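Each chain is listed here by its residues.
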Amino acid sequence: MKLLKPSWVSHNGKPIFSVDIHPDGTKFATGGQGEDSGKVMIWNMAPVLREEDEKNENISKMLCQMDNHLACVNCVRWSNNGLCLASGGDDKLVMVWKRAAFIGPSTVFGSSSKLANVEQWRCVTILRNHTGDVMDVAWSPHDMWLASCSVDNTIVIWNARKFPEMVTTLRGHTGLVKGLTWDPVGKYIASQADDHSLKVWRTVDWQMEADITKPFNECGGTTHVLRLSWSPDGQYLVSAHAMNNSGPTAQIVERDGWKTNMDFVGHRKAVTVVKFNPKIFKKKQKNGSSPKPSCPYCCCAVGSKDRSLSVWLTSLKRPLVVIHDLFDKSIMDISWTLTGLGMLVCSMDGTVAYLDFSLDELGDPLNEEEKNSIHQNIYGKSLAITSPEAQLSTTIIENPEILKYQQERQNSAQANSGPGAAAPESSAPKLNSVMNGESLEDIRKNLLKKQVETRTADGRRRITPLCIAQLDTGDFSPALFNSVPILPSGSSMSSQLTPQLSSDSSPGQASSMGLKPTHDPMLTSPPPNNTAKPMEDNNDGVKSSLLLTSASKIEPMKALDSRFTERSKATPGVTAAISSTAGLTPLDSRPKDGVTAQKEAKTKEETSSDSEDKMAAINKNLTFGKRKPELLLDGREVLEKRKKGRPRKDKMAASMAQPFTQITPPAEREPSRVVAPPAPVAVLKLPTPSTQKAFSLQVSMEPSVFLEVENEVSMVAGSKLSQLRCSRDGRDWNTLLPSSVVVAAGSSDILAVACEDRMLSVFSSCGRRLLPAIQLGTPASALHCSAHYVMVLTAGATLSVWDVQKQKALVKNESLLTVLSGADTTVSQSLLTQQGVPVIGLSNGKSYCFSSSLETWTLIADKSDSLVQCADFRSCLPSHDTPVSSGPLAVMQGRNLNAGRLASRLSSTPHHLQQSMTLAFLENQLASALTLQSAQEYRYWLLIYARFLVNEGSEYRLRELCKELLGPVHKSAATSWEPTTLGLRKRELLREVLPVIGENLRFQRLFTEYQDQLELLRNK
C-alpha cells in the first residue's frame, strides 16, 4: 500500500468536508469552506497518481473552482454517468453542475492569473426546498433520482431526469439527517440522523421499511456528518457512529431482516464516514496452485473523529490496515476509484490523502459478469417481473373480509393445479406474466379444461385445436419487457419526444429520430425455449429511460436496472417466438440518432419560452398544416381532396404545427381491416392528423402523466388491436382498443383517445373507462382534455365538449362555420380551459370561445384589433401583481398587449379618443375573461379597469361597477343578484377596488358610501 498527501489539494487551509472521484478516474471534486462562501473545486487526478505528472508544469492540477454556494459546502457527488456533479451546502441549496464544452479557460474571479479554470463547469439547476443546511446528497443507481438530506429532518427525492421536479419528501426523522446511501439494486435508500436512528425507505412507495435504533441508543455527542454506506452486493448496510459496550463502532446491518449482530470495532472516537469499495473481490490465486473455490468478499473503509482510518475486508476478522493520526482533525469523507484500488480521504483540517492498494492486498476484483451473477443469485427472483404475489407477501392484511377472499382464491388455485397437472411444468422455473390481472398460467389452464375431444372413424382420439390468442408471451413477455425497452417509435428514447416537438422541426428531422421500425435478426424469430438475453449493461450515456412493463406493480428501479434482470426462462410448451418486432428495438441496435434527437428535444423544450412556443406546446397534437385532408371510405374511394390555401406567413406561421411524418401510407393497409361504416358525405373543412405506428406524449406535469400509443400491436381474429399505455407517477396501466388511435390527449384526471373508426374513448387516470365509446360524425381533427372536460374538434368543423364527471354535454356538435369566414381561414390553434370553456384560434388572427351559457360564439381576441394597438393603460397596471401570463385570455392574445403599450407612446392619437379606446379595450377584456371563466384574469383586469376609471374620473361607470359588486344590502324576493362571479366573492372584489377609489379625492363621497355599506353588511 502506498500513501500520499498531495499538499497542493487545499481550500487555502479551510476545511474540506467532502471528496468524490469521477467515475472515469481522471478527476475528483472537493467541497468545503471558501473565503467567504462555499467552495467546490475540481482537480486533476493524474498528478496524484503519477509523480512525473505532478512535477510537469504543463499538466494543470486544478481544473475548475466554483464559488456559487453562499455558505460552506458539505457534500459533492458525481452522477453515475459522470455527466453531472451535485453539491449541497449550508445555504440550503443543492446545485447541479454540468461541464460547458467549447468554452476556453478563464480565470477565477478576483484571483491572480495563475489560477485559471481549465474546464468550465456551469450550475445548470438549483434545487430549493430544504429549510436547513444540506448535509448529504446521493445519486440513485442509473441516475434516476437524486436524494438530498438536511438538518430540517427531511430527505427530498428529486427527479434527476427532470430537474427541478420533486418526487417526494421523506419525513420521519426527529433529528438532523446527516447521511444517505442507495442500495445498489435501487430498491431502498437508507438515511442516518442525530435522532439515534438509521431508517431504510422503499423506493416503490417511498414508505419506511425499517427503523433501526438499538445500536445507536448509547450514542452521546454528535459528529458533523454520518456518512453510511451500502455494500456493492447489496447484502450489508454499514452505519456511522454506533456504540457497543460504550465503545464507538460502525454497525453492520444485514439486508436479511435488518439484523444488527456485527460491527467494526476499534476506533477510539465516533465513526464519521463509512465507504464501501465499489468492487467485489475474490482471493488471489497463488502461482501454480490449483484454483480453490473461494467466497467473494467486499472491502470497506471507515474514518473516524479520532483522525484514523481503517480498511476492512468482510472475509477477515481484523482490519486489513489501520492508519493512525493521518490528519490533524476528524476525517470527513472517503471516495474510492471505480477500479477499487485507489482511495481519497479528506479531513476537517483541509488536507487530502490518497491511498493506493495492490491486487495482492485486496484480491482480484470480479468482472461485471461475475458481479451480475452474484446479483442474479441473490435478487434474481425479486428482480424479474414476477406475479405481484411476491411483492405483496410482506403486505399486512388489514381487513378480515379481504383475508377471506384471499384464502378463497388460494383454495381455488390449489384445486386448479390438482394431481392432474403436468409434472415437468411445475418443476420448470415459472414465469407468470400477468395480463389484465390474470396470469397466463391461469388462462391456459382454464382453456385446457374446455378442450373438445372427438373420435375419428378408425377409433383414434382427436383433440380439436383451440386458438389461444396472444398467449405466446410474445407481446407481453416479461423477458422482453425487462431486457429490451419497448420504445414508443422505434428508437426515440425519451418520453419527451412528444408530438408537440415536431411543431417547429421540419418533418425531415422527425424522421431522422429513427421512427422506422428497426428489425434485429436476433429478435425476429428465436427458436422455441430460447432464452432472450437481456443487455448486460448499457453504459451508454443515455440509460434506458422508459422500460414499459406489463405488470403494474413492478418496482420502478428494478425495471430500469437492466443489469439485474432475470434471464427469462420460457416456460416449456410456450414458444418464445416474438410475434411483433416493429416497435421493439434492443438498445444496442439503436441508431445513434435517437440519442441526439433526444438531446435536441430537451434543449428545444428548455428554451421554448415565448408565447408562440407555448402555443405550440398547448397544441400538443394539433397538426394543421399544408396537407390535403383525406378521408378513406371503404378503403377505395378517396373523398374530395381539397387543397387548403397556404397559411399567412406572419406570426401565425410560428405557432402552426407541422404535420407529423406519416408512417403508414394508406396503400399499405391490409384488406382484412374491419372497415369503418361509410361516413355521411360531409365536406371536410379541417385537416386530420395521420395515423402513426406509435407515439407518446406527456399529458400532465403535476402529477407527471405519460401516455404511449402503439397501433396495430397484434392481430386477433382478423382485427388489429392498438395498445394504450399510461404511466402516472411511476404507476403504469394499459388497455387495448379495437382500432388505430389517431389522436390522444389527457389531463391529470382523465385521458381521451380518438380512433380511426371515429370512436372517442375516455378513461380515468387509473385506466377505468368513464364513458361509453362516443361515435363522432367525422374524424377527429383535434382533441383536448382539461380537468374533467373533454373537447373534440372534428374534421367536419364541429365542436363538442363533455363534462365527464357529470356525464353530460356542455357543447353539442356546434358548427364552426359561423366563425370560419372566408375560403382560406383555418383553425390554427385550439385549447380547453380548466373550466371547460373551448377556445378556437383562427389563421386570420381572431380567437373565439363558445359560451355554453349564452349558447353562442364570442370573440375574445383579435390580433388585428386597433383598440389593442391604441389602448394605453400603462399607468393603471398594479405595481405588485405580475400580469397573469398563463391564463387562457393571455395565451390567445399573445404578445399584442405589449405591442399595444409601445405603440400608444409613439402614436399621436388625441387624448379623448385614446381614452375611449382604452375604456372599450378594458371592457372587452373583462367580458372576455368572464366568458372564458378565467377568474384570475377577471380579477386582474377588473382592478386595472377600476384604476383607469378612477384616473380618468368617470364617476357614473365607477358607481355602477360598485353597485354591481355590492348587491342589495337588504334581502328582498325580487333581486336576482348573484353574490359570486367565477367563484370570486363580489363583495371581496369591492374591498379590493375601494382602496383604488380612495386614491382620488374626487370620489371620497363614493368611497365612504360603499365603505359604510360594507361595514354594515359585515356587522350584520
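Please refer to the structure placed before this passage.
What comes next is a walk through the structure. (Residues numbered from 1 in each chain as written. Predicted model: local features only at pLDDT ≥ 70, side-chain atom pairs only at ≥ 80, totals over all residues. Heavy atoms only, no water.)

## Some words on the overall build of the protein
Thought 1: For the protein, the helix and strand inventory stands at 23 helices and 57 strands.
Thought 2: Per-residue burial over the protein gives 53% buried out of 1020 residues.
Thought 3: At a minimum sequence separation of 6, the contacts of the protein that also span at least 24 residues come to 59%.
Thought 4: Of the roughly 46,700 Å² of accessible surface on the protein, a fraction of 53% belongs to carbon and sulfur atoms. (Helix = DSSP H or I, 4+ residues; strand = E, 2+ residues; numbered from the N terminus. Buried < 20%, exposed > 50% of the residue type's maximum accessible area, 1.4 Å probe, protein only. Contact = heavy atoms within 4.5 Å. Areas by Shrake-Rupley, 256 points an atom, 1.4 Å probe, with all protein chains shown as cover.)

## Regarding the environment of Arg 768
Thought 1: Residue placement: Arg 768 occurs in the loop between strand S46 (759-764) and strand S47 (769-775).
Thought 2: A relative accessible area of 55% means that Arg 768 is categorised as exposed.
Thought 3: Those residues in contact with Arg 768 that lie beyond four places of it in its chain are Val 762 and Phe 763.

## Considering the sheet that holds strand S16 (residues 177-182)
Each strand in a sheet pairs with its neighbour through backbone hydrogen bonds, running either in the same direction (parallel) or in the opposite one (antiparallel).
Thought 1: Ordered in space as S16-S17-S18-S19, the four strands form an open sheet in which the pairing is antiparallel. Edge positions in the open sheet fall to S16 and strand S19 (208-212), since each of these has one partner strand only. Shown here is a sheet whose adjacent strand axes are inclined to one another by a mean of 20 degrees, direction ignored.
Thought 2: In terms of strand pairing, strand S17 (residues 188-193) meets strand S18 (residues 197-202) through six bridges, oriented antiparallel. By the bridge assignment, Ala 193 is partnered in S18 with Ser 197. (Pairing = 2+ DSSP bridges. Axes fitted to C-alpha atoms, helices over the stretch in contact; angles between N-to-C directions.)

## Some remarks on the packing of helix H20 (residues 935-952) against helix H22 (residues 986-998)
Thought 1: One can describe the packing of H20 onto H22 by two numbers: an axis separation of 9 Å at closest approach and a directional angle of 30 degrees. The orientation of H20 relative to H22 falls into the category roughly parallel. For the element pair H20 and H22, the recorded crossing hand is right-handed. Across from Tyr 938, Arg 939, Leu 942, Leu 943, Ala 946, Arg 947 and Val 950 in H20, the residues of H22 making contact are Leu 989, Glu 992, Val 993, Val 996 and Ile 997.
Thought 2: Here the contact of H20 with H22 is composed, by residue class, of nine nonpolar, no polar and three charged. (Parallel < 35°, antiparallel > 145°, perpendicular 65-115°, else oblique. Left-handed = near helix turned anticlockwise from the far one by under 90°. Nonpolar A, V, L, I, M, F, W, Y, C, P; charged D, E, K, R; others polar.)

## Remarks on the environment of Tyr 789
Thought 1: Within the secondary structure, Tyr 789 sits in strand S49 (residues 789-794).
Thought 2: The buried category is assigned to Tyr 789, whose relative accessible area is 12%.
Thought 3: Linking Tyr 789 and Lys 806, residues 17 residues apart in sequence, is a C-alpha distance of 9.8 Å.

## Some points on the packing of aromatic side chains
Thought 1: Applying the stated criterion across every chain, the model contains 16 aromatic pairs.
Thought 2: Seen from their ring centres, Trp 78 and Trp 121 are 5.3 Å apart, and the 70 degrees between their planes marks the pair as edge-to-face. Here the residue Trp 78 occupies a position in strand S6 (residues 73-78), and Trp 121 occupies one in strand S11 (residues 121-128), the gap between them amounting to 43 residues.
Thought 3: Under the relative-accessibility criterion, Trp 121 is labelled buried at 5%.
Thought 4: Measuring from ring centre to ring centre gives 6.0 Å for Phe 921 and Trp 941, while their planes differ by 90 degrees; the resulting arrangement is edge-to-face. Taken as a pair, Phe 921 in helix H19 (residues 911-931) and Trp 941 in helix H20 lie far apart in primary sequence, 20 residues in all.
Thought 5: Phe 921 sits in the buried class, given a relative accessible area of 2%.
Thought 6: In textbook terms, an aromatic cluster arises when at least three aromatic residues are bridged by ring pairs, as seen for Trp 145, Trp 182 and Trp 206.
Thought 7: Over the ring of Trp 8 we find Lys 61, and its NZ or CZ is 5.8 Å from the ring centre. (Phe/Tyr/Trp six-rings, centres within 6.5 Å; stacked < 30°, edge-to-face > 60°. Lys NZ or Arg CZ within 6 Å of the ring centre and 35° of its normal.)

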